[in-house]
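Single-letter residue listing:
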Amino acid sequence: MKPVLDDNQIICTCVEATRADFVEAVRELDEPDFERLLTRTGLGMKCTACRLDLELLFTQTYQGRSVSGNGDAAKVNFREAERIPLHRRILRAIDRVAPKVNFMTAQLGIVLSSPDVSTRVLVSNDPPLFGAEEKMDPVTVRVVVRDASGKKIADEKKKVGSGELLNFDASAALPPGDGNRPAIGSFELYRSWARPTVRGTTRPQFVLVGSGGTGGVHTQAANGRGTQWYSAFARSGEEHTLIAVRNCERRPIDVAVGRPESCGSDTFIDDAVTIPTHGTHLFEVTPPPGSDADSIFPLRLNASGLNKNFIVISNPGMTSFSVDHISES
Ligand code: FES
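What this report covers is the structure whose coordinates are included nearby. Because the structure is predicted, anything quoted here is derived from the model rather than measured. (Residues numbered from 1 in each chain as written. Predicted model: local features only at pLDDT ≥ 70, side-chain atom pairs only at ≥ 80, totals over all residues.)

**Observations regarding the overall build of the protein**
Then, number 1: Scanning the protein from terminus to terminus reveals 4 helices and 18 strands.
Then, number 2: Out of the 329 residues in the protein, the part that is buried amounts to 32%. (Helix = DSSP H or I, 4+ residues; strand = E, 2+ residues; numbered from the N terminus. Buried ≥ 20, exposed ≤ 12 C-beta atoms within 10 Å, placed from the backbone.)

**Structural notes on the nonpolar core**
Then, number 1: Ranked by internal contacts, the top residues of the largest apolar core, which has 39 residues, are Val121, Val143, Ile243 and Ala244.
Then, number 2: Residue assignment places this core across two domains, with domain 2 (107–202) and domain 3 (226–325) each supplying three or more.
Then, number 3: Not counting residues up to four positions away in its chain, the partners in contact with valine 143 are Val121, Glu156, Phe168, Ala170, Phe187 and Leu189.
Then, number 4: Listed in part, the 13 residues of the second largest apolar core include Ile11, Ala17, Phe22 and Leu38. (Core = buried A, V, L, I, M, F, W, Y, C linked by C-beta atoms within 7 Å. Domains from an automatic or database assignment. Contact = placed C-beta atoms within 7 Å.)

**Points about the sheet that holds strand β17 (residues 307–314)**
Then, number 1: Pairing is antiparallel in the open sheet, where 4 strands are placed in the order β15-β12-β17-β18. In this open sheet, the two strands that pair with only one neighbour each are β15 (280–285) and β18 (321–325). This sheet shows a mean twist of 25° between the axes of neighbouring strands, independent of strand direction.
Then, number 2: Across 6 bridges, the pairing between strand β12 (residues 240–247) and β15 is antiparallel. What sits directly across from arginine 246, in β15, is threonine 280. (Pairing = 2+ DSSP bridges. Axes fitted to C-alpha atoms, helices over the stretch in contact; angles between N-to-C directions.)

**Topic: the pairing of strand β6 (residues 152–160)**
Then, number 1: The pairing of strand β5 (residues 139–147) with β6 spans 8 bridges and is classified as antiparallel. Considered in β6, the bridge of valine 145 is made with alanine 154.
Then, number 2: Linking β5 to β6, which pair antiparallel, is a turn of 4 residues; within it glycine 150 sits at a positive phi near 95°.

**Structural notes on the pairing of strand β13 (residues 253–260)**
Then, number 1: Note that β13 and strand β14 (residues 268–275) share 8 bridges and pair antiparallel. Following the sheet pairing, valine 255 is matched in β14 by valine 273.

**Digging into the sheet that holds strand β9 (residues 205–210)**
Then, number 1: One open sheet accounts for 4 strands, arranged β7-β4-β9-β10; its pairing is antiparallel. Each having just a single partner strand, β7 (165–169) and β10 (214–218) make up the two edges of the open sheet. Here the average twist between neighbouring strands, direction ignored, is 20°.
Then, number 2: Bridge count for β9 against β10 is 5 bridges, and the pairing is antiparallel. Bridge pairing in β10 links valine 209 to threonine 214.

**Structural notes on unusual backbone geometry**
Then, number 1: With a phi angle near 50°, glutamate 16 is a residue other than glycine that sits in the positive phi range.
Then, number 2: Within the chain, aspartate 294 stands out as a residue other than glycine whose phi angle is a positive 70°.
Then, number 3: Mapped onto the elements, aspartate 294 comes out in the loop between β15 and β16 (296–303).

What follows is the structure, encoded as structure tokens:
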């Protein structure tokens with residue numbers, strides 16, 4: 001088999017782990033559980049750029065298909081898993097088909113629309129960085145666009161062939177906002193293949209294309225309910241700090257975004273709203289009074305249900321944007 005990776009090749013630069021470290025960590029698992037591997041080792045948990053390659057390498061290692069530069073196959077024997085009691089294995093199999101946890105499998109992103117900003121959804125279909133596959137199976141991509149109230153306003157299906165790029169205008173169906181504040185909406189994205197195959201580099205991205213500047217980020221699955229934190233810069237008059245929150249539940253959820261009542265205070269002032277089913281809300285946050293220019297202040301987000309949130313920074317005219325998701329670490 002064609003060598004895939006050298007043993008000393010770094011596969012996750014954030015934790016400086018080599019392929020050999022990875023295979024060793026896989027061997028220490030008592031069952032083939034990718035999520036547990038990541039949480040136990042920290043691999044793929046920071047910038048997440050390596051996740052797709054880790055997933056492929058994990059599968060190859062598990063199947064005995066991972067071959068190093070010196071020709072050794074790194075097959076991992078999961079016989080340990082066979083010692084798990086039968087009833088526990090049956091419950092795990094049921095969980096895989098009908099999970100107990102309410103979870104949304106769609107990839108999610110936000111949509112902004114104004115005369116000065118449109119939102120493009122991009123999905124490529126290229127081979128993975130490390131691997132022998134050259135031609136990818138076509139992927140069918142479905143994009144569902146919703147307005148702020150959660151109403152479906154577009155539902156498109158496109159086939160993306162090997163080496164092709166889907167570049168979809170998700171804001172075309174969303175009427176532009178009033179004044180210079182863009183309308184907010186969201187999209188759900190689903191990918192499917194006609195047969196089991198290698199996923200390749202199909203991680204969807206969305207790009208906020210402003211007349212003054214453009215920013216983008218990859219999509220993600222939903223965040224859980226509870227508290228999450230962002231850090232923001234105090235740049236009144238120079239930037240808008242916006243938090244976009246998409247409700248991923250089949251019921252309304254309560255969301256509050258708060259910042260310290262004054263610089264350095266532990267008391268938070270919340271902006272609280274109820275977001276309708278599948279709706280999206282755009283919070284605008286102002287820095288705590290007394291903040292020094294360019295100082296950093298915390299932002300607290302509390303949600304009563306599954307949601308997907310992004311931080312969006314814009315210039316005062318709302319013509320230039322950057323966007324990011326919350327850090328997992
Ligand atoms: S490269 Fe692996 S998490 Fe960043």
